[in-house]
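One-letter residues, chain by chain:
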Amino acid sequence: MKRFLLVALAMVALVFTSCKQSEESAALKISKVDLTGCTLDDIFAEIAPEKIACGNWCAEFPDAPETEFRAFHTGDKLYMRFDVRENLTFARHAVDNGDVWTDSACEFYFSFDGKSYYTVEMNCIGYMLAAYYPEPRKNVIRAGEEILSQVERITTLGREAFGIREGDNSWSLTMVLPTSICHQHDLKSWDGLKITANLYKCGNRPEQPHFISWQPVPTPKPDFHSPQFFKTIVFE
């Protein structure tokens with residue numbers, strides 16, 4: 001009996017280890033990079049893109065711009081570039097903490113505990129809002145200008161609002177997030193972090209709304225505030 005129990009315990013431990021290894025292998029890994037002597041284009045060119053292509057609500061919102069992202073970090077900053085191709089691009093808001101999600105926007109939601117989470121939303125001309133939610137859609141704490149001013153933004157569309165552009169529009173947006181974006185945590189470095197996250201491309205406007213995600217969000221209506229569906233990301 002004792003031998004049987006030992007074997008059973010060993011099998012349970014093996015299954016647990018295998019599950020943990022499977023979870024880690026399925027996680028997106030973000031490498032740490034030394035920027036010395038490199039351009040951002042050179043670094044991003046070496047990173048395999050991740051597609052933002054889950055049309056969770058495509059029956060009601062069929063528009064799905066081609067979108068992908070790449071990411072790396074330097075310890076103190078997280079670099080994320082979004083590459084987008086769409087036929088209708090909106091840029092009406094040229095101020096931080098405005099309704100940037102109604103423009104052509106890219107978003108990064110992430111969590112340290114699977115419950116509370118941060119949101120970073122940026123339109124195609126680099127204006128943004130960022131917030132912390134202790135729980136979905138409740139008691140939001142927005143980042144102030146002193147935090148947002150530390151975020152570098154690089155966009156191929158410039159920084160001026162232009163309303164609407166129709167046609168074969170391709171553009172890139174890079175957000176450079178310091179650790180201070182986690183304004184409700186005392187985060188010193190991105191090194192070695194394990195988070196869960198989802199990324200989105202959206203345009204919540206009446207002319208041609210769209211809501212697509214990196215990871216599936218199986219909710220009846222568009223709901224990006226769903227940390228239960230975030231995927232694991234591991235930082236080198």
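In this report, the structure presented in the accompanying data block is examined. From a predicted model like this one, the values you see are computed outputs, not experimental measurements.

Describing the layout of surface pockets
- Of the volumes computed, that of the largest pocket is approximately 300 Å³.
- Taken together, 16 residues make up the lining of the largest pocket; nearest its centre are Trp-101, Tyr-109, Glu-121, Arg-137 and His-225.
- Those elements that place two or more of their residues in the lining of the largest pocket are strand S5 (105–111) and strand S7 (128–133).
- Take the lining of the largest pocket: its biggest share by element is three residues, from S7.
- Considering only residue class, the lining of the largest pocket consists of nine nonpolar, two polar and five charged.

A word on unusual backbone geometry
- At Asn-97, a position not held by glycine, the phi torsion is positive, near 65 degrees.
- Mapped onto the fold, Asn-97 is located in the loop between strand S4 (77–91) and S5.
- Look at Arg-137: it is not a glycine, yet its phi comes out positive at around 65 degrees.
- Structurally, Arg-137 is set in the loop between S7 and strand S8 (141–142).
- A relative accessible area of 52% places Arg-137 in the exposed class.

Some thoughts on the pattern of salt bridges
- All chains considered together, the criterion is met by 14 salt bridges.
- A salt bridge links Arg-70 to Asp-83; the nearest nitrogen and oxygen atoms lie 3.0 Å apart. Taken together, the positions of Arg-70 in strand S3 (residues 66–73) and Asp-83 in strand S4 put the pair 13 residues apart, joining distant regions of the chain.
- Of the residues examined, Asp-83 reaches a relative accessible area of 16% and is grouped as buried.
- In this structure, the salt-bridge partner of Asp-96 is Arg-153, at a minimum N-O distance of 2.9 Å. You can see Asp-96 sitting in the loop between S4 and S5 and its partner Arg-153 sitting in strand S9 (residues 152–155), a full 57 residues away along the chain. Arg-153 shares its class with Asp-96; the two are buried.
- Three or more residues are tied together by salt bridges with common partners; here these are Asp-41, Lys-51, Glu-68, Arg-70, Arg-81 and Asp-83.

Focus: the packing of aromatic side chains
- Taken as a whole, this structure holds 20 aromatic pairs when the rule is applied.
- Geometrically, the ring pair formed by Tyr-109 and Phe-224 is edge-to-face, given 6.5 Å between the ring centres and 90 degrees between the ring planes. With Tyr-109 in strand S5 and Phe-224 in the loop between strand S12 (210–213) and strand S13 (231–235), this pair connects stretches of sequence that are 115 residues apart. When sorted by exposure, Tyr-109 lands in the same class as Phe-224, which is buried.
- Within the aromatic cluster, the residues linked to one another by ring pairs are Trp-57, Phe-61, Tyr-109, Tyr-117, Tyr-133, Tyr-200, Phe-211, Phe-224 and Phe-230.
- One cation-aromatic arrangement involves Arg-159 over Tyr-127; the distance from NZ or CZ to the ring centre is 4.2 Å.

Details of the environment of Ser-189
- Structurally, Ser-189 can be placed in the loop between strand S10 (163–178) and strand S11 (194–203).
- Separated by 10 residues in the primary sequence, Ser-189 and Thr-179 place their C-alpha atoms 6.2 Å from one another.
- Not counting chain neighbours up to four residues away, the residues in contact with Ser-189 comprise Gly-75 and Thr-179.
- Polar contacts involving the side chain of Ser-189 include one to the main-chain carbonyl oxygen of Gly-75, which spans 3.2 Å.

Conventions used here
- Residues numbered from 1 in each chain as written.
- Predicted model: local features only at pLDDT ≥ 70, side-chain atom pairs only at ≥ 80, totals over all residues.
- Heavy atoms only, no water.
- 1 Å grid on protein atoms, 1.4 Å probe; cavity = no way out; pocket = protein on both sides within 12 Å on 5 of 7 lines; lining within 4 Å.
- Points joined across faces, edges and corners; volume = space filled by probe spheres on them.
- Helix = DSSP H or I, 4+ residues; strand = E, 2+ residues; numbered from the N terminus.
- Nonpolar A, V, L, I, M, F, W, Y, C, P; charged D, E, K, R; others polar.
- Buried < 20%, exposed > 50% of the residue type's maximum accessible area, 1.4 Å probe, protein only.
- Salt bridge = Lys/Arg side-chain N within 4 Å of Asp/Glu carboxyl O.
- Phe/Tyr/Trp six-rings, centres within 6.5 Å; stacked < 30°, edge-to-face > 60°.
- Lys NZ or Arg CZ within 6 Å of the ring centre and 35° of its normal.
- Contact = heavy atoms within 4.5 Å.
- Polar contact = N/O pair within 3.5 Å; in protein donor to acceptor, adjacent residues only side chain to side chain.

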